[in-house]
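Analysis of the macromolecular model
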Amino acid sequence: MSAPKKTSDIVSALNDFEDIKLTDKMFGKFAEHMYTLAGVDLPLTPKNHALIRNRIVKLLRRHSLKSYEEYWAMIERGGAELTSEFISALTTNMTSFYRESNHFDFLTGALPELSKKFGSDIRLWCCAASTGQEPYTIAMTACEALGDQYKKARLLATDIDLQVLKKASIGTYEEREMQGLPPAQRSKYFEKVKAQGEEFWRAKDQIHNMIRFAPFNLMTPKYEFQHQFHVIFCRNVLIYFDEATTKKVIDNLTACLAPGGYLVLGHSESGNVKHTHLKPLSRAVYQKI
Ligand SMILES: C[S@@+](CC[C@H](N)C(=O)[O-])C[C@H]1O[C@@H](n2cnc3c(N)ncnc32)[C@H](O)[C@@H]1O
């Protein structure tokens, strides 16, 4: 396709992309690949078909390809960058500050008690951190709950999607991404910065320095960490997994949780949790016994 020059050419070139057909066979290949890489289960439904088509058509444009078949051939040739781009395109990263806020009320009560019980170091893990609103909310909650002892709380924030993880580690948000953050918290823990004539909010060092960001795939067969965690947040990611994958992930998370520690899931995700070492406490919150 030659480079379009006029607006009408651009519109018609974009329409060309919209017209490219995603066959059920190609849908199946992409869905299976995503399942193998990330555990994300995408059965053939009209909604998932539209999701894969809409997200991958952007990659066709980016790589100037004419069909999903061409894109698949490129993916099959492999390469870390292409794989990462594919995963990033097909993950859903919706998040916000203080999402499912009762979990942060729970954490406010739990942290002083954990601090008394476990002493100097409270280790927290946010294992599907997306663009960072969740780990920064955990860090703010720790600051409020532990006062001048806040440095005791050390947080690991991970995600499979390297693009969102990069954004999380920078910790800079547009106004629309600050939704959910009360004004008092906003001015205490964030500062306004200007870049290219636009205003953003940036996490202050106090909360930024509490968090270590790293890539982690929950499909890793066995999770190996030097120390167990006292609190694990694994929210709104299990919904993308099938029952067998969810069970494996819950088993792995429970194994790396210290006895007495807490596992926090998304509100809609507690239905399938059956583990002999997990005691349900409150909505989607479990304690390891
Ligand atoms: C809907 S967001 C939830 C974000 C946050 N936990 C919350 O509740 O607001 C789901 C996140 O899970 C991540 N994810 C999906 N599959 C994953 C996997 N296999 N390992 C780690 N993270 C994964 C996605 O990249 C995405 O950022």
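As named in an unreviewed UniProt entry, the chain is protein-glutamate O-methyltransferase, taken from Bdellovibrio bacteriovorus. Quoted verbatim from the Catalytic activity (unreviewed entry) heading of the UniProt record, the comment on the chain is "L-glutamyl-[protein] + S-adenosyl-L-methionine = [protein]-L-glutamate 5-O-methyl ester + S-adenosyl-L-homocysteine".

Across its full length, the chain holds 11 helices and 10 strands. Its C-alpha atoms give the chain a radius of gyration of 21 Å, within 12% of the compact-globule value 19 Å for 289 residues. With the C-alpha coordinates of the chain rotated into their principal frame, the extents come out at 65 × 50 × 30 Å. Here the chain, with 289 residues, has 49% of them falling under the buried criterion.

Quick look at the domain arrangement of the chain now. Split into domains, the chain comes out as domain 1 (7-90) and domain 2 (102-288). For domain 1 versus domain 2, the distance between C-alpha centres works out to 31 Å. Listed as interface residues are nine residues of domain 1 and, on the opposing side, 10 residues of domain 2. Here domain 1 is connected to domain 2 by zero salt bridges. Between the two partners, domain 1 and domain 2, sit five residue pairs in polar contact (both at pLDDT 80 or more).

The next thing to look at is the nonpolar core. With 51 residues, the main nonpolar core has Phe-30, Tyr-71, Trp-125, Leu-253 and Leu-263 as its most contacted residues. Sorting the residues of this core by element identifies helix H2 (24-38), helix H3 (46-62), helix H4 (68-77), helix H5 (80-90), strand E7 (229-234), helix H11 (243-255) and strand E8 (257-265) as the ones contributing at least two each. Top contributing element to this core by residue count: H2, with six residues. Per-domain counts for this core show at least three residues from each of domain 1 (7-90) and domain 2 (102-288). What Trp-125 contacts, discounting residues up to four positions off in sequence, is Leu-155, Leu-156, Thr-158, Phe-216, Tyr-223, Phe-225, Phe-229, Val-231, Ile-232, Phe-233, Leu-253 and Cys-256. Judged by nonpolar contacts, the second largest core, of 41 residues, contains Tyr-98, Ile-122, Met-140 and Leu-155.

We now examine the sheet that holds strand E3 (residues 172-173). The antiparallel open sheet is built from three strands, whose spatial order is E3-E5-E4. Looking at the sheet topology across the chains shown, the edges are occupied by E3 and strand E4 (190-195).

Of all six residues in E7, six are buried; the element is thus mostly enclosed. Each parallel crossover has a hand, and the one from E7 via H11 to E8 is right-handed.

A few words on the site of the ligand. Near the ligand, the surroundings consist of 22 residues, among which Thr-95, Ala-128, Glu-134, Asp-159 and Arg-235 are the closest. The contact in question runs from an oxygen atom of the ligand to an N or O atom on the side chain of Asn-93, over 3.0 Å. One of the side-chain nitrogen or oxygen atoms of Thr-95 is found 2.6 Å away from an oxygen atom of the ligand. Protein contacts shield 99% of the accessible area of the ligand, which totals 600 Å² for the unbound molecule. Residue classes in the shell around the ligand are distributed as 10 nonpolar, seven polar and five charged.

Three- or four-residue spacings in an α-helix give side chains the same orientation, since the helix completes a turn every 3.6 residues. Here H3 spans 25 Å end to end across 17 residues, near enough to the 24 Å set by a 1.5 Å rise per residue. Along H3, the positions that sit buried rather than exposed are Asn-48, His-49, Ile-52, Ile-56, Val-57, Leu-59 and Leu-60. Once H3 ends, the next one or two residues include Ser-64, with phi positive near 50 degrees.

One can describe the packing of H2 onto H5 by two numbers: an axis separation of 11 Å at closest approach and a directional angle of 100 degrees. Taken as axis vectors, H2 and H5 run roughly perpendicular relative to one another. Counting all contacts with H2, which are made through Phe-30, His-33, Met-34 and Leu-37, the residues of H5 involved are Thr-83, Phe-86, Ile-87 and Leu-90. Here the residues of the contact of H2 with H5 are counted per class, giving six nonpolar, two polar and no charged.

Attention now goes to the pairing of strand E2 (residues 153-159). Burial analysis of E2 places six of its seven residues in the buried class, the great majority of the element. Across five bridges, the pairing between strand E1 (residues 122-126) and E2 is parallel. Within the sheet, the bridge partner assigned to Arg-123 lies in E2 and is Arg-154. This β-α-β element, E1 to helix H7 (residues 133-146) to E2, shows right-handed connectivity. The pairing of E2 with strand E6 (residues 211-215) spans five bridges and is parallel. Among the inter-strand pairings, Leu-156 is bridged to a residue of E6, identified as Arg-212.

How each quantity is defined
- Residues numbered from 1 in each chain as written.
- Predicted model: local features only at pLDDT ≥ 70, side-chain atom pairs only at ≥ 80, totals over all residues.
- Heavy atoms only, no water.
- UniProt positions renumbered as here; feature names shortened; annotations may be inferred.
- Helix = DSSP H or I, 4+ residues; strand = E, 2+ residues; numbered from the N terminus.
- Rg over C-alpha atoms; globule rule 2.2 N^0.38 Å.
- Buried < 20%, exposed > 50% of the residue type's maximum accessible area, 1.4 Å probe, protein only.
- Domains from an automatic or database assignment.
- Contact = heavy atoms within 4.5 Å.
- Salt bridge = Lys/Arg side-chain N within 4 Å of Asp/Glu carboxyl O.
- Polar contact = N/O pair within 3.5 Å; in protein donor to acceptor, adjacent residues only side chain to side chain.
- Core = buried A, V, L, I, M, F, W, Y, C linked by side-chain atoms within 4.5 Å.
- Pairing = 2+ DSSP bridges.
- Right-handed = clockwise from strand over helix to strand, strands pointing away.
- Near = heavy atom within 4 Å.
- Areas by Shrake-Rupley, 256 points an atom, 1.4 Å probe, with all protein chains shown as cover.
- Nonpolar A, V, L, I, M, F, W, Y, C, P; charged D, E, K, R; others polar.
- Expected span 1.5 Å × (residues − 1).
- Axes fitted to C-alpha atoms, helices over the stretch in contact; angles between N-to-C directions.
- Parallel < 35°, antiparallel > 145°, perpendicular 65-115°, else oblique.

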